[in-house]
Number of protein chains: 2
Amino acid sequence: MLNAYQIGETLREYSYKMTLQRKAILDIILQNRDKHLSAEEIIEKAKKKNPRIGASTVYRTIRLFEKIGVIQQVFLNDGIMRYHMINPDEKREHHHLICKVCGDVMDVKEDIFEIFEDQIFRKNGFTVTDHRVKIYGICKKCSEEIEYV
Amino acid sequence: MLNAYQIGETLREYSYKMTLQRKAILDIILQNRDKHLSAEEIIEKAKKKNPRIGASTVYRTIRLFEKIGVIQQVFLNDGIMRYHMINPDEKREHHHLICKVCGDVMDVKEDIFEIFEDQIFRKNGFTVTDHRVKIYGICKKCSEEIEYV
DNA sequence: CATGGTATGGAAAACGAGTTTCATTTTCAT
DNA sequence: ATGAAAATGAAACTCGTTTTCCATACCATG
């Protein structure tokens, strides 16, 4: 997983400047590696660090970090784009467990579905290059809470 | 799979009226059972049938047909909602093969991923209720065309 | 250490898919 | 045929996101 220094280097490679605002947004992203923040959540956290940061700067920086491969979009089908740090070691998309109770999003690291690609090719003549899986249900924490009610 | 008559009956059950506009939109949906139309595409086709049909009516009718279980949303992660007829015989979501060359969307009927739900529960304590799978790649037609170039 | 050109920032306007409002028209049970 | 209720189309409005505008900051040069 990338660290702040490596991301600074990547910016410099592309001749983008490391500004205070970008640093603040980068810190937010790094401090929330395991989360799937929306632009609005990033703006809120950024304004806490520095009230002089504008929403357009946050959106621009999000797109910049997308372009240089630091973060990527995650669609959870609620009309809001979320963002997630890219792990350059992963060759393929990972998948998401989405809790219907608390809304928490967890990653499924292992690609448990890879073995089906051959089956899909044989049945449909469709050559698979990638797949994205969203698994809905109830997370551990929420199902424990439900038990004790 | 539902036919025009059954859908008309369903409308009547809920005391919704069958208007010319709703009939036109219904016909478009029935004539494109195998497609995954966006609202914009439905509006375009509806205007061809009857130029006096308004976009808001199409959006309203789409939501109406969703409510009474005629169509359902399909998210393809491009920010545009698409719609697909519901087959009442299917108990669970089916999945989608999306061709990266021609953009065509095909359904995967069999639920090939069901056996993994237990595995996800054991590993993550996450109780799966549903999952949506999007498989990207190159469809049969497109890969044949590529071969002959 | 000026100079000028490029990059950056924030505010506000624009965008676009989708929704709502409201005055008018259509439907359908009577 | 009639009138209450429902449906319609045009236009206004959301709301997340993007772009524009222009002033300011940066940085490699003369």
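Refer to the structure printed above.
Remember, it's a predicted structure, so these values are computed and weren't measured experimentally.

Just to check I follow, could you spell out unusual backbone geometry for this structure?
For residues besides glycine, phi is generally negative; the peptide bonds are generally trans as well. The phi dihedral of Ser-15 of chain A is positive, around 55°, even though this residue is not glycine. Within the fold, Ser-15 of chain A resides in the loop between helix H1 (4-13) and helix H2 (20-31).

What am I meant to see in the sheet that holds strand E1 (residues 37-38) of chain B here?
Residue and element names in this part refer to chain B. One open sheet accounts for three strands, arranged E1-E3-E2; its pairing is antiparallel. At either end of the open sheet lies a strand with only one pairing partner, and these are E1 and strand E2 (71-75). Relative to strand E3 (residues 81-85), E2 runs antiparallel, the two being bridged by five bridges. Paired with Phe-75 across the strands is Met-81, a residue of E3. Across the sheet, helix H4 (residues 55-67) lies against E2 and E3, angled at about 105° from E2, the strand it touches most.

Honestly, the interface of chain B and chain A in this entry has me stumped. Any pointers?
When the parts of a complex come together, some accessible area is lost, and that lost area is often used as the size of the interface. The partner chain A presents 33 residues to the 35 residues of chain B that form the contact. Buried area between chain B and chain A, summed over both chains or domains, comes out near 2900 Å², and the portion from carbon and sulfur atoms is 64%. Connecting chain B to chain A are zero salt bridges. Linking chain B with chain A are 12 residue pairs in polar contact (both at pLDDT 80 or more). Of all the secondary structure elements, the ones that give two or more residues to the side of chain B that touches chain A are strand E4 (95-99), helix H5 (117-124), strand E6 (127-138) and helix H6 (140-148) of chain B. Here the side of chain B that touches chain A gets 12 residues from one element, more than from any other, and that element is E6 of chain B. Within the side of chain B that touches chain A, the residues separate by chemical class into 17 nonpolar, 10 polar and eight charged.

I tried to follow the packing of helix H3 (residues 39-49) of chain B against H4 of chain B on my own but got confused; where do I start?
Packed helix pairs are specified by the crossing angle of their axes together with the interaxial distance, meaning the distance between the axes. All names here are of chain B. At a closest axis distance of 10 Å, the pairing of H3 and H4 adopts a crossing angle of 125°. With respect to H4, the axis of H3 lies oblique. Crossing of H3 against H4: the hand is right-handed. Residues Ala-39, Ile-42, Ile-43 and Ala-46 of H3 form the contact with H4, whose participating residues are Ala-55, Val-58, Tyr-59 and Ile-62. Across the contact of H3 with H4, the residue classes break down as eight nonpolar, no polar and no charged.

Is there a simple way to explain the pairing of E4 of chain B in this structure?
Within a regular beta strand, the side chains point alternately toward one face of the sheet and then the other, so they alternate between its two faces. All names here are of chain B. In terms of residue burial, E4 counts as a mostly covered element, since five of its five residues are buried. Side chains of E4 alternate between two faces, with His-95, Leu-97 and Cys-99 and His-96 and Ile-98 buried alike. Between E4 and strand E5 (residues 105-108), which pair antiparallel in sequence order, lie five residues; one of them, Gly-103, sits at a positive phi of approximately 80°.

I would appreciate a short explanation of the protein's contact with DNA strand D in the present structure.
Taken together, the neighbourhood of DNA strand D is formed by 18 residues, with Thr-19, Arg-22, Arg-52, Thr-57 and Arg-60 of chain B sitting nearest. A distance of 3.3 Å separates a base nitrogen of DNA strand D from a polar atom in the side chain of Ser-56 of chain B. Counting residues per element, the ones that place at least two in the surface near DNA strand D are helix H4 (55-67) of chain A together with helix H2 (20-31) and H4 of chain B. Tallying contributions element by element places H4 of chain A first for the surface near DNA strand D, with four residues. Partitioned by chemical class, the residues of the surface near DNA strand D number five nonpolar, six polar and seven charged.

What counts and what doesn't
- Residues numbered from 1 in each chain as written.
- Chains lettered and ligands numbered in written order.
- Predicted model: local features only at pLDDT ≥ 70, side-chain atom pairs only at ≥ 80, totals over all residues.
- Heavy atoms only, no water.
- Helix = DSSP H or I, 4+ residues; strand = E, 2+ residues; numbered from the N terminus.
- Pairing = 2+ DSSP bridges.
- Contact = heavy atoms within 4.5 Å.
- Axes fitted to C-alpha atoms, helices over the stretch in contact; angles between N-to-C directions.
- Buried area = accessible area lost by both parts, 1.4 Å probe.
- Salt bridge = Lys/Arg side-chain N within 4 Å of Asp/Glu carboxyl O.
- Polar contact = N/O pair within 3.5 Å; in protein donor to acceptor, adjacent residues only side chain to side chain.
- Nonpolar A, V, L, I, M, F, W, Y, C, P; charged D, E, K, R; others polar.
- Parallel < 35°, antiparallel > 145°, perpendicular 65-115°, else oblique.
- Left-handed = near helix turned anticlockwise from the far one by under 90°.
- Buried < 20%, exposed > 50% of the residue type's maximum accessible area, 1.4 Å probe, protein only.
- Near = heavy atom within 4 Å.

Without other data, these values stay purely geometric and don't point to any function.
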